[in-house]
Amino acid sequence: MKLLFIGFMHVIKRAGLYLTILPALLLTVADVQASAERNYLAGRNTVASLVSEVQTASGWVPYPRYTDRAGWDSLLGENKAELIRRGERQLKYVWKVIPATAYLAYERTGDRTIMQEPNSDNNNALSDLVMAELAEGKGRFIDQIINGVFYNCERTSWVLSAHLPAQLSKRAFPDHTDPVIDLGSGELGALLAWTYYFFREEFDSVNPVIPQRLKKELYDKIIVPYRTVDRYWWLAFVPREDGMVNNWNPWTNFNCLQVIALLETDTVQLAKDVYRSMRSVDKFINYVNFDGACEEGPSYWEHAAGKLYDYLQLVHMITGSKVDLFGEPMIRNLGEYISRSYVGNGWVVNFADASAQFSAKGGLVYRYGKAVNSKEMMEFGAYLARENSTALSYGTDIFRSLESLRYYPELMAARAAHQPAAASLYPETQFYYFSNSKGLFLAVKGGYNAESHNHNDAGTFSLWAGTIPVLIDAGVGTYTRQTFGPERYSIWTMRSNYHNLPTINGQEQKFGKEYRARSIRVDEKRKQISMDIAGAYPSVAALNSWVRGYRMYPGKLEITDAIDLQERKAPQQFHFMMQGELVLTEGSVGIGVEGHDVALRYDARAFSASVDTVALPDPRLSKVWGSRLYRLTLTERPDERRLRYQHQFQVVVTAKK
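Residues numbered from 1 in each chain as written. Predicted model: local features only at pLDDT ≥ 70, side-chain atom pairs only at ≥ 80, totals over all residues. Heavy atoms only, no water.

Draft legend 1. The arrangement of the state of the cysteines in detail. On inspection of all chains with the given rule, the structure shows zero disulfides. Distance from the sulfur of cysteine 153, which forms no disulfide, to the nearest cysteine sulfur (cysteine 256) is 17 Å. Relative accessible area serves as the criterion here: at 3%, cysteine 153 is assigned to the buried category. (Disulfide = S-S within 2.5 Å. Buried < 20%, exposed > 50% of the residue type's maximum accessible area, 1.4 Å probe, protein only.)

Written as structure tokens, this is what we have:
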């Protein structure tokens, strides 16, 4: 049996009286820092220098030509049969037409899946067919590949409906006069560019119009707009009002540069294109914090740091290894964040819109680790490949699929290991992780309420017993128009009162860069952290400070709140999100979850307790948590007159055999 104590102190200041709860801490952390102008790429290279370094596809692509059957057999090894089987399932695939009403639905109802699902099915079918033909090499899949190519060439736009408002019209219906580039069009463009690279001669032998048309569409939809349009927000040439640069930047630049590098034969033009991409990707490197944490959460790591790695690897290849940022400590920090955020058993720290279930592929983690010389990442990548069968990548990202095959033998031979660090501190991003010898894992977040994929959650925390989440962050539901519109903070998953945070004088936290945690102090040795979260609440909450503190002991976590209210307008409430099966009795809440029994005991004289059942009809949430979650709320009793009091939870964790 393991014992975990969560101590909770609540102190109200009146007439100059208050109780100081937390001892002096060793490290004071500054507020979230502004972006730094590092300019690792464009600041160290010029178009002139790149002209002598860049290579066209015939020089930089490391994979065999389609006709090199011995080369493909060597590259694929034991994976050849599986790739062919995946392609065979698509031989009779019926390409799905996306009707006009599927685009109109985004404006009419906010539904984006009605367009995205058939689009994704088509793209995955094409990818499977391409990889199967590369594996087999007998021409059996060529006609169906041509069907997919022809279908996509006939489309007005490759952009997802939710992203079409980037058009000058601001509408979500494809405008043939205004090609824009988004995540969807970039990803499909890269897939089609690899299809052109490998099979253009086979297409030509069927009918020369096929490769000619495909090349034209790639230029019209990707290459020309990438070269000539500066307004796309993800390029960051025209800064957003909030200054944000997120995963879209490395992801879309990577996809566009693949298209160009596979088709462009003029090295002067290619050098200009590479330099343009460098100017843009520098904006992302400048924006994210040097400490390496991904403020979007671990499930976005593959698309943020992971795509930055892909981009840097691509540039490394195109320039014959002349451009190399893998020795930069920041690039290594960005990579190692993913292993530090993994708790175990498929669970991961999930602030913001990220899922609590781990998603990164072991092959990607290993390759990134090898590039930056991180033993931690390489061993973790091998661990994921063994534990979760994520050695290979399947999907529309052909580059990752091919790279996972190229590194497969050494990945499977590598040492596999993962052990959570005793402490992982990200002071710029204000993420703090602690684990202890009793198997507990604590994640605390400071930050501000205008981060990428933001939730109003400054000061929240999550707690795992063993590797099982007990006090949780729910994550986010299926994306709709409302998710990224003015109605975002009417969605319960985004609100502070559905995080492990208080409601103060009846007020929730608010959205905005000015709403943030401040005065963060950390003692790594004691596994202790405190922060003032008063600044995350509006002025109507009427408080001077609300210092929340966390301290871990062996088998124990103390949570303290030192409060300085200007006035009491309403009873204070303390919310805790939980998964499992709950039993509420006077002075105690019992939780049964994943083989653990947890009991939270509270002072029933000072607080009343209530439990809300939060139904999860949304499949994106129910896939992680099941059909429901629970929210425990402790509310000050109306007749409470004491100016100072303390309350303590006791949690007993029993691991079942």
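Picking up where we left off.
Draft legend 2. Just the packing of aromatic side chains, in detail. Applying the stated criterion across every chain yields a total of 36 aromatic pairs. Measuring from centroid to centroid gives 5.0 Å for tyrosine 197 and phenylalanine 198, while their planes differ by 75°, and the two rings are edge-to-face. Pair check on accessibility: tyrosine 197 and phenylalanine 198 agree, each one buried. Geometrically, the ring pair formed by tyrosine 226 and tryptophan 234 is stacked, given 6.3 Å between the ring centres and 15° between the ring planes. Comparing tyrosine 226 with tryptophan 234 shows no difference in burial state: the two are buried. Grouped by ring-pair contacts, the aromatic residues Trp60, Tyr63, Tyr66, Trp72, Trp194, Tyr197, Phe198, Phe199 and Phe203 constitute a single cluster. Sitting over the ring of tryptophan 158, lysine 221 keeps its end group 5.2 Å from the ring centre. The side chain of arginine 240 reaches across the aromatic face of tryptophan 233, ending 4.9 Å from its centre. (Phe/Tyr/Trp six-rings, centres within 6.5 Å; stacked < 30°, edge-to-face > 60°. Lys NZ or Arg CZ within 6 Å of the ring centre and 35° of its normal.)

Draft legend 3. A look at the pattern of salt bridges. According to the stated counting rule, one finds 38 salt bridges in the structure shown. The residue aspartate 121 makes a salt bridge to lysine 96 at a minimum N-O spacing of 2.5 Å. Separated by 25 residues along the polypeptide, aspartate 121 in helix α6 (residues 113-136) and lysine 96 in the loop between α4 (80-88) and α5 (100-108) bring together distant segments of the chain. Owing to a relative accessible area of 31%, aspartate 121 belongs among the partly exposed residues under this scheme. Lysine 96 sits in the partly exposed class, given a relative accessible area of 33%. A salt bridge links arginine 240 to aspartate 242; the shortest N-O distance between them is 2.8 Å. Judged by its relative accessible area of 30%, arginine 240 falls in the partly exposed class. The class for aspartate 242 is partly exposed, based on a relative accessible area of 33%. (Salt bridge = Lys/Arg side-chain N within 4 Å of Asp/Glu carboxyl O. Helix = DSSP H or I, 4+ residues; strand = E, 2+ residues; numbered from the N terminus.)

Draft legend 4. The nonpolar core, seen in detail. Counting residues in each nonpolar core, the largest one holds 161 residues, and the members touching the most others are Trp60, Trp194 and Trp301. The element best represented in this core is helix α8 (residues 183-206), accounting for 11 residues. Among residues more than four places away in sequence, those in contact with tryptophan 301 are Cys294, Gly306, Leu334, Gly335, Tyr337, Ile338, Ala360, Leu364, Val365, Tyr368 and Met377. In terms of nonpolar packing, the next biggest core, distinct from the first, is built from 49 residues, Val522, Ala534, Ile563 and Ala606 among them. (Core = buried A, V, L, I, M, F, W, Y, C linked by side-chain atoms within 4.5 Å. Contact = heavy atoms within 4.5 Å.)

Draft legend 5. Layout of the confidence of the model for the protein. Overall, the predicted model of the protein reaches an average pLDDT of 90, with 92% of residues at or above 70. Predicted confidence is poor over residues 1-25, with pLDDT under 50, and the contacts of this stretch with residues over four places away or in other chains come to 108 contacts. This model gives residues 642-651 a pLDDT under 50, and the stretch forms 53 contacts once residues within four places in sequence are excluded. (pLDDT = per-residue confidence, 0-100.)

Draft legend 6. The pairing of strand β19 (residues 588-593), seen in detail. As judged from the five bridges shared by strand β18 (residues 581-585) and β19, these two strands associate in the antiparallel manner. Bridging from a neighbouring strand, threonine 585 pairs with serine 588 of β19. What sits between β18 and β19 in their antiparallel hairpin is a turn of two residues, with glycine 587 showing a positive phi close to 85°. Where β19 lies against strand β20 (residues 596-601), six bridges are found, and the strand directions are antiparallel. Bridge pairing in β20 links valine 589 to leucine 600. Counted between consecutive antiparallel strands, the loop separating β19 from β20 contains two residues, among which glutamate 594 sits at a positive phi close to 50°. (Pairing = 2+ DSSP bridges.)

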